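So the chains spell out like this:
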2 protein chains.
Amino acid sequence: MTQSPWQPISPEKPARPVREPLSRERIVDTAMRMLVEQGYEAVSMRKVAQALGTGPASLYAHVANKQELDNLLVNRAAREMEFPEPDPDNWQEQLKASMREMLRVMRAYPGVARAAIGQIPLGEQAMLSTERFLAILKAGNLPDQAAAWAVDLIPLYVTAVAFEESVQRTWEWTEDDIEGFVSELRSYFNSLDPQRFPITIALAGALTSGGSGDERFEFGIQVITAGLASLARQQG
Amino acid sequence: MTQSPWQPISPEKPARPVREPLSRERIVDTAMRMLVEQGYEAVSMRKVAQALGTGPASLYAHVANKQELDNLLVNRAAREMEFPEPDPDNWQEQLKASMREMLRVMRAYPGVARAAIGQIPLGEQAMLSTERFLAILKAGNLPDQAAAWAVDLIPLYVTAVAFEESVQRTWEWTEDDIEGFVSELRSYFNSLDPQRFPITIALAGALTSGGSGDERFEFGIQVITAGLASLARQQG
DNA sequence: ACCTGAACACCGTTCAAGT
DNA sequence: ACCTGAACACCGTTCAAGT
């Protein structure tokens, strides 16, 4: 631990690399870029470190662990979301628009949904989006407890949808692959035992359509919005 | 490496172990037991193989990969779910009861939600539970396409809730830990900038209560059921 | 056909040592 | 305080070789 008391006064600064020092910011920037370009699987502590030209251990001075890094990525994405000024006469449409906005951002950062799922989003940006959702729900005259539970339900749904999509993106299917899969699925449904699967067979068409995702999502936010509206206090 | 050419003719069958041979059944049985006793993380190809007294490579003769094993576990759990006979006069209550039943089973096999999330459940037992949900929704007079999208939305929600719970179970919190966390959370909410987080602060109580899970889940299934009911065709 | 050991290409995290 | 190399204790999957 003791140091030699004699120290040469180096004329040209120290020999240490001139690389920019690590920081939380730089780590999250790099991880975010990797997330967009290569997907969630590519964002490991080791690969982020490598991209920064160092070893995995170096990250732990700035980030507690992988979970915290995931949290920071979710928070960074939340920064991108934009919400309308609450309007009591239009709250249902605003709620749907905000859920679409949330899905838009999660699609723009594929993999962020995987980082978000099962996390309690307590970062500042994530909290701000919660605040915005609460504002819309209170404009809709929802009771406090209903609004509080709703801001739990809403991200749960949007994140789950985005997560499903990102899993399927991982499989890297082409348009043809999807078409092939859907037609296989349809014939699988039709091959089921009619005694035990009568409705599945009857609805085979409906069950295998709307795979595009957008229609399904529109259905989901319609159901949630209508369900919440049924809980709103009557005005006046 | 060479062996002596002389081999005694063993009077009692070959020297190979008398262990029961591997099979899909045995692999899923073992994995399921490990899932219940030790959680999802414990169910790796390597550990399942070890529990069966063999190496990981041996499993691949019976199971395509980890993903297929996950699928088989979900399907095994689906076997446990029981559904009511559809009753058009009571479909909303039946729908809620069935969602509770689904959550009950996922809680009984903690970790199964992690295996299920982001999966398309095409096993026979999983398909049967879809058939049951469809039966209830059609008893409620929902249009085909709405029913088809609803059987996507419903497991999505229940699985996401069960998944969240299983993540939190992994942290192995005691009653006291939770209480401490909630009170920390509450004071964190109250410490926020009132200019930017007015509603979050005002609703701090509601936002941190009902963490038990059941109330939150009841709220969710109420919202979904009411939302779906709003889409049901009028009778007659 | 089924099973195996060993290897390949990865993980997250810790720790003693360096500057 | 920050950074590092090396190690620890893991993953899923493949493959040549055995029976």
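- For chain A, an unreviewed UniProt entry supplies the name TetR family transcriptional regulator and the organism Kribbella caucasensis.

Side note on the domain arrangement of chain A
Accessible area lost when the parts come together is the quantity often used to give the size of an interface.
All names here are of chain A.
Turning to step 1, where the next piece is worked out: Domain assignment breaks chain A into domain 1 (24-63) and domain 2 (82-231).
Turning to step 2, where the next piece is worked out: Taking the mean C-alpha position of each, domain 1 and domain 2 sit 29 Å from one another.
Turning to step 3, where the next piece is worked out: Each partner contributes to the interface: domain 1 provides five residues, whereas domain 2 provides eight residues.
Turning to step 4, where the next piece is worked out: Taken over both partners, the interface formed by domain 1 and domain 2 buries close to 540 Å², and the fraction arising from carbon and sulfur atoms is 69%.
Turning to step 5, where the next piece is worked out: Counting every contact that joins domain 1 to domain 2 gives one salt bridge.
Turning to step 6, where the next piece is worked out: Ionic pairing is found between Glu41 and Arg114, a salt bridge with its closest N-O pair at 2.4 Å.
Turning to step 7, where the next piece is worked out: Put simply, domain 1 and domain 2 have one residue pair in polar contact (both at pLDDT 80 or more) between them.
Turning to step 8, where the next piece is worked out: Residue composition of the side of domain 1 that touches domain 2, grouped by class: four nonpolar, no polar and one charged.

Description of the protein's contact with DNA strand C
Turning to step 1, where the next piece is worked out: Around DNA strand C there are 17 residues in total, and Arg46 and Lys47 of chain A together with Thr54, Ala57 and His62 of chain B lie nearest to it.
Turning to step 2, where the next piece is worked out: For DNA strand C, the backbone makes up 51% of the atoms found within 4 Å of the protein, where backbone means sugar plus phosphate.
Turning to step 3, where the next piece is worked out: Measuring from a phosphate oxygen of DNA strand C, one finds a side-chain N or O atom of Ser44 of chain A at 3.1 Å.
Turning to step 4, where the next piece is worked out: At 2.6 Å from a phosphate oxygen of DNA strand C is found a side-chain nitrogen or oxygen belonging to Lys47 of chain A.
Turning to step 5, where the next piece is worked out: When residues in the surface near DNA strand C are grouped by element, the largest group, three residues, is from helix H2 (residues 45-51) of chain A.
Turning to step 6, where the next piece is worked out: Split into classes, the residues belonging to the surface near DNA strand C amount to seven nonpolar, five polar and five charged.

Thoughts on the UniProt feature "domain: HTH tetR-type" (unreviewed entry) in chain A
Turning to step 1, where the next piece is worked out: Following the UniProt record, one finds the feature "domain: HTH tetR-type" (unreviewed entry) at residues 21-81 of chain A.
Turning to step 2, where the next piece is worked out: Taken end to end, residues 21-81 of chain A comprises 57% helix and 0% strand; its first and last C-alpha atoms sit 30 Å apart.

Concerning the interface of chain A and chain B
Turning to step 1, where the next piece is worked out: In this complex, chain A contributes 57 residues to the contact, which on the side of chain B involves 57 residues.
Turning to step 2, where the next piece is worked out: Approximately 5200 Å² of surface area, both sides summed, lies buried where chain A meets chain B, with 73% of it carried by carbon and sulfur atoms.
Turning to step 3, where the next piece is worked out: Taken together, chain A and chain B are joined by four salt bridges.
Turning to step 4, where the next piece is worked out: Two residues, Asp152 of chain B and Arg216 of chain A, come together in a salt bridge whose shortest N-O distance is 2.7 Å.
Turning to step 5, where the next piece is worked out: Where chain A meets chain B, there are 12 residue pairs in polar contact (both at pLDDT 80 or more).
Turning to step 6, where the next piece is worked out: Contributing elements (two or more residues each) for the side of chain A that touches chain B: helix H6 (124-139), helix H7 (144-170), helix H8 (175-190), helix H9 (198-202), helix H10 (204-208) and helix H11 (214-229) of chain A.
Turning to step 7, where the next piece is worked out: Of the residues contributing to the side of chain A that touches chain B, the split by class is 38 nonpolar, 10 polar and nine charged.

Conventions and cut-offs
- Residues numbered from 1 in each chain as written.
- Chains lettered and ligands numbered in written order.
- Predicted model: local features only at pLDDT ≥ 70, side-chain atom pairs only at ≥ 80, totals over all residues.
- Heavy atoms only, no water.
- Domains from an automatic or database assignment.
- Contact = heavy atoms within 4.5 Å.
- Buried area = accessible area lost by both parts, 1.4 Å probe.
- Salt bridge = Lys/Arg side-chain N within 4 Å of Asp/Glu carboxyl O.
- Polar contact = N/O pair within 3.5 Å; in protein donor to acceptor, adjacent residues only side chain to side chain.
- Nonpolar A, V, L, I, M, F, W, Y, C, P; charged D, E, K, R; others polar.
- Near = heavy atom within 4 Å.
- Helix = DSSP H or I, 4+ residues; strand = E, 2+ residues; numbered from the N terminus.
- UniProt positions renumbered as here; feature names shortened; annotations may be inferred.

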